Amino acid sequence: MVDVSGRLTSFEVHPLHDSISRLLKQGRKNIVLNLSRFQKLDSSGIGELAKTYVSVVKVSGQLEVVGLSPKVEEIPKIN
């Protein structure tokens, strides 16, 4: 499980990317992102979550996101 806290913006996407890359290099393909302590998301953060998903799926893995607050959960639904 990867606990994501604080912000996921253009300035803070690198730690998440590094953590996921490290897990995939270790052969860990089933990853759970815990976003229960997550506070802020911008377009760069959305892009990083999408890249994370693609990276995991490319190695035949699974990515599960848990603990989304209603505010963060609503962002991808905006048309």
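Residues numbered from 1 in each chain as written. Predicted model: local features only at pLDDT ≥ 70, side-chain atom pairs only at ≥ 80, totals over all residues. Heavy atoms only, no water.

Draft legend 1. Representation of helix H2 (residues 43-58). The end-to-end C-alpha separation of H2 is 22 Å, in line with the 22 Å expected for 16 residues at 1.5 Å each. All of the buried residues in H2 are Gly45, Glu48, Thr52 and Val56. Buried residues of H2 fall within an arc of 70 degrees about the axis and therefore sit on the same side. Across H2 from its buried face, at more than 90 degrees, point the exposed residues Ser43, Lys51 and Lys58. Considering only its buried residues, H2 is in contact with strand S1 (2-8), helix H1 (14-25), strand S2 (30-41) and strand S3 (62-66). Here H2 starts with a cap whose side-chain oxygen sits 3.0 Å from the backbone nitrogen of Ser44, and that cap is Asp42. (Helix = DSSP H or I, 4+ residues; strand = E, 2+ residues; numbered from the N terminus. Expected span 1.5 Å × (residues − 1). Buried < 20%, exposed > 50% of the residue type's maximum accessible area, 1.4 Å probe, protein only. Arc of directions from axis to C-beta. Contact = heavy atoms within 4.5 Å. Polar contact = N/O pair within 3.5 Å; in protein donor to acceptor, adjacent residues only side chain to side chain.)

Draft legend 2. Summary view of a nonpolar patch on the surface. There is a patch of nonpolar side chains on the surface, built from Tyr53, Val54 and Val57 and spanning about 260 Å² of accessible area. Within the element layout of this structure, Val57 appears in helix H2. Judged by its relative accessible area of 39%, Val57 is partly exposed. (Patch = residues over 30% accessible without salt bridge, like charges linked within 9 Å, V, L, I, M, F, W, Y side chains within 5 Å. Areas by Shrake-Rupley, 256 points an atom, 1.4 Å probe, with all protein chains shown as cover. Salt bridge = Lys/Arg side-chain N within 4 Å of Asp/Glu carboxyl O.)

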